[in-house]
Amino acid sequence: MAIHPVPQARHADSPPVADGPWRDPSLSPEARVADLASRMTLEEKTAQLYGIWVGADAEGDGVAPHQNDMVDPVDFEDITTRGLGQLTRPFGTAPVDPGVGAVSLARAQARIAEAGRFGIPAIAHEECLAGFTAWGATAYPVPLAWGAAWDPELVAEMAHRIGSDMRSVGVHQGLAPVLDVTRDLRWGRVEETIGEDPYLVATIGLAYVRGLESAGIVSTLKHFAGYSASAGARNLSPVRAGAREMADVILPPFELVIRDSGARAVMLSYAEIDGLPVAADASLLTGLLRDTWGFTGTVVADYFGIGFLETLHKVAADRGDAARVALTAGVDMELPTVRSYGDALVAAVRDGLVAEELVDRALHRILLQKCRLGLLDPDRKALPAVLDGVDPEQARGTVDLDPPRNRALARLLAERSCVLLANPGDALPLSGTGRIAVVGPRADDPLAMLGCYSFPSHVGVQHPEAAVGIDIPTVLEALREEFPGAGIDYAEGCDVDGTDASGVEAAAALAAGADVCVAVLGDRAGLFGRGTSGEGCDVADLALPGLQGELLDALLATGTPVVLVLLTGRTYALGGRADRLAGCVQAFFPGEEGGPALAGVLSGRVNPSGRLPVGVPNGTGGQPWTYLQPPLGRANGVSNLDPTPLYHFGHGLSYTSFAWEAGADVPAELATDGETDLAVTVRNTGDRDGAEVVQLYVHDPVAQTTRPEARLIGYARVPLAAGESQRVSFRFHPDLVSFTGTDGRRIVEPGDLELRFATSSDVADVKHTVRLCLTGPERTVDHRRRMVCDTSVDPLTAQR
């Protein structure tokens, strides 16, 4: 099939409209879109409001539950005569060589442009949660690992690489990042979150969006809002968060990123909040998002989210009614494929059930996005940049989506995200000599490195005949390369979540004969119960999956020093075992280079600098606990249950040591609209290079509503050579300690504060405290408040 450089519009019933002001790039996008919309029929308007998923399985079990119920057969040639809003996952539905995929996408776009009267291509979107979800593309660490790295600049660089790869093959929009704040570790999608603190989520998420958008990809913030606060940690279960939890914990990451990033799309949450599904909530999708925050991009449905108004939430009578409810609320685009916004919407408009103005409102936003992407321009390129100079018939094998520079970046982020939880006897780093027993179901499985939304775990597992597409060294392989002089033996011991204990005894015997045992335990990422972590893989408690706890007990009973390596999508309870470990390293699905990164941490080639983005529980009970607890949410005398974590948010150790010294004195009083500089000096007192993460928390002793014991308001990752000192400065503004008061307004309240410089959220890890009193009137603030604590790191003279 030929690829036409400038597709010629054809339509069965109407003449082509190839010219007009809407084709003129010298005019404003608004003028062009107004002219184009005025020329469209109702059918052509609604066609811009949905995507189609050509590869969706409408017969058997698809990727997700309800998929086969929600996907109607689509005649591509017929449906595109009206035009088309989006193409769903042309690379992320089945294994396809990237060069072949780029040609196929270009040909599909040419067919879409030729079929409709206006010659407008679709927006092609893909998942990009931990890398471009395409066969052969780099698999980076998952978002929880981004949070563990505490390194926004590195995350921004990763996102730019992801976006550049997507854009090079013709993709326009990426469905990331997830800005949900972890509220319950039992939730399966914890691996997709950045952590349990809204400030960390907001700042890392902001960096990701800036990186993705800088590559020309439309970033899609998800899941707006409340999704992670589901009752009982069950996927899609009702959210019963109060107004203050929404305002002070759930919404701030979206608030900051929408204000400061240039993000051009928001994906709605499946959640119902206090009985109202988000897809039906005009106060959230229009009132807050657009009227208050000023968002001007598109709101897209999470997959099947509009149909769920009818089938799951039961707040719509049929497809047309679901379209009415969603359009009224402010949902512009139906994804992944057409159900409610097609013929059902056309009929509802013609029957007077849906106002055509609602269609026009959504159409305007979508066409503006297409215009700004260049899709309305007459001279747009038919082939993506990656195919410049390539014969389309010979494209196989010509596109590399996993080049060495991507792998190097994936390695660096994996290294910085590894958290050294414990090293009580300085067993780490390992000497690399003698006999090392490597035991555990995650030690020799490449998929142990990857999260649920990586291509091999998300799509590849459904195509066992296809090659993985990328090289993923396992921990076992990486250790053998890292320690060529050691005798390394391996035993699986047990499956990730199986019930067969027959291998435990042999694994323990192997450990008993070794000088040290490296136990590699953790999760298998999957979808909807096919894994122990991932979408729809929620858990009842926080015990290690399957028989892995029993395997660890058997290894500890041998008397051989055991170093535990965890490859997981959440943290698991380690109480009762942690004090018997020789060392413990936590990694959150660290991507294709995770094996070598972990081997480097174990050998000492890499000095760990990761810090926990979520706490590590002590007991397995699975209490929904994060560090953002008011007094009665913490351990106290009125309950026998103690939810205190074993390792707190922000915790992490190093192979070197650091000393902290207070900076200059701070005035005892500060106006509620003032600002001041806070500083500490950090010195590397050890004999090797490392990095400290300086964390700034606020403690509000008395307030008009209950407040957390501590809340993160700033941080800085500080690399330090051995003997080097750095002065770390924070520009503090009282807006950073604002909260929702008794009457629902966000306020800065006068009164005493403690600003704590610390190595974790635990009060025992506070290194320096600044006490000040905010004076003056109570101030009301909004989304324009100061939300980021500016930091600077200045080197001082080395002291050795």
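1. Points about the confidence of the model for the chain
Of all residues in the chain, 95% attain a pLDDT of 70 or more, and the chain-wide mean is 94. This stretch, residues 1-12, has a pLDDT under 50; its non-local contacts, to residues over four places away or in other chains, come to 32 contacts.

2. A few points about helix α10 (residues 252-260)
Since the α-helix advances by 3.6 residues per turn, residues separated by three or four positions end up pointing in the same direction. Along α10, 7 of the 9 residues are buried, which leaves the element largely enclosed by surrounding structure. Every buried residue of α10 is listed here: P252, P253, F254, E255, L256, V257 and I258. On its buried face, α10 sits against α8 (198-214), β5 (218-224), α9 (243-250), β6 (265-268) and α11 (282-292). Of the residues one or two after α10, G262 is the one with positive phi, at around 80 degrees.

3. Structural notes on the sheet that holds strand β14 (residues 562-568)
Strand order in the open sheet formed by 6 strands is β10-β15-β14-β13-β11-β12, and the pairing between neighbours is mixed. With partners counted over all chains shown, the strands left at the sheet margins are β10 (419-422) and β12 (487-491), one partner each. Looking at each pair of strands side by side, their axes are set apart by 20 degrees on average, direction ignored. Here 3 bridges tie β10 to strand β15 (residues 583-588), and the two strands are oriented antiparallel to one another. In the sheet register, V419 faces β15, and the bridge partner there is Q586.

4. Description of the pairing of β14
Where burial is concerned, most of β14 is hidden: 7 out of the 7 residues are buried. By the alternation rule, side chains of β14 split into V562, L564, L566 and T568 and V563, V565 and L567, which are all buried. Note that strand β13 (residues 516-522) and β14 share 6 bridges and pair parallel. What sits directly across from C517, in β14, is V562. Crossover handedness for the path β13 to helix α20 (residues 548-557) to β14: right-handed. Note that β14 and β15 share 6 bridges and pair parallel. By the bridge assignment, T568 is partnered in β15 with F588.

5. What about the side chain of E724?
In this fold, E724 is placed in the loop between β20 (711-720) and β21 (725-732). Within polar-contact distance, the side chain of E724 engages the backbone nitrogen of A721 at 2.8 Å.

6. Topic: helix α5 (residues 98-115)
If you check α5, its first and last C-alpha atoms are 25 Å apart, about what 18 residues at 1.5 Å a residue would give, namely 26 Å. Counted residue by residue, α5 has 15 buried out of 18 residues, so it is predominantly covered. One side-chain oxygen at the N-terminal end of α5 lies 2.9 Å from the backbone nitrogen of G99; it belongs to D97.

7. A short note on the nonpolar core
Of all hydrophobic cores here, the largest spans 219 residues; its most connected members are F132, Y208, F224, Y341 and F732. The dominant element in this core, judged by the number of residues it contributes, is α8, at 9 residues. Beyond its immediate stretch of four places on either side in the chain, F732 contacts L670, G674, E675, T676, L678, I713, V737, L753, L755 and L772. In terms of nonpolar packing, the next biggest core, distinct from the first, is built from 35 residues, M449, L476, A478 and V585 among them.

8. Some details on the sheet that holds strand β9 (residues 298-300)
As summarised here, the arrangement of the 7 strands in space is β1-β2-β3-β4-β5-β6-β9, forming an open sheet in which the pairing is parallel. Strand pairing shows two members of the sheet lacking a second neighbour, β1 (51-52) and β9, which therefore form its edges. Bridge count between β5 and β6: 3 bridges; the pairing is parallel. The residue of β6 that forms the bridge with T220 is A265.

9. Details of the environment of G549
Within the element layout of this structure, G549 appears in helix α20. Judged by its relative accessible area of 5%, G549 falls in the buried class. Considering only alpha carbons, one finds G549 and R577, 28 residues apart in sequence, at a separation of 9.1 Å. Among residues more than four places away in sequence, those in contact with G549 are L544 and R577.

10. Considering the packing of aromatic side chains
Scanning all chains against the criterion turns up 17 aromatic pairs. Between F224 and F254, the ring centres sit 5.1 Å apart and the planes meet at 70 degrees, which makes this aromatic pair edge-to-face. Here F254 lies in helix α10 and F224 lies in strand β5, a separation of 30 residues in the sequence. Each member of the pair F224 and F254 is classed as buried. Measuring from ring centre to ring centre gives 6.1 Å for Y627 and Y697, while their planes differ by 85 degrees; the resulting arrangement is edge-to-face. Residue Y627 is located in the loop between α21 (594-603) and β16 (658-662), and its partner Y697 is located in strand β19 (residues 690-699); the two are separated by 70 residues in the primary sequence.

Each value, and the rule that gives it
Residues numbered from 1 in each chain as written. Predicted model: local features only at pLDDT ≥ 70, side-chain atom pairs only at ≥ 80, totals over all residues. Heavy atoms only, no water. pLDDT = per-residue confidence, 0-100. Contact = heavy atoms within 4.5 Å. Buried < 20%, exposed > 50% of the residue type's maximum accessible area, 1.4 Å probe, protein only. Helix = DSSP H or I, 4+ residues; strand = E, 2+ residues; numbered from the N terminus. Pairing = 2+ DSSP bridges. Axes fitted to C-alpha atoms, helices over the stretch in contact; angles between N-to-C directions. Right-handed = clockwise from strand over helix to strand, strands pointing away. Polar contact = N/O pair within 3.5 Å; in protein donor to acceptor, adjacent residues only side chain to side chain. Expected span 1.5 Å × (residues − 1). Core = buried A, V, L, I, M, F, W, Y, C linked by side-chain atoms within 4.5 Å. Phe/Tyr/Trp six-rings, centres within 6.5 Å; stacked < 30°, edge-to-face > 60°.

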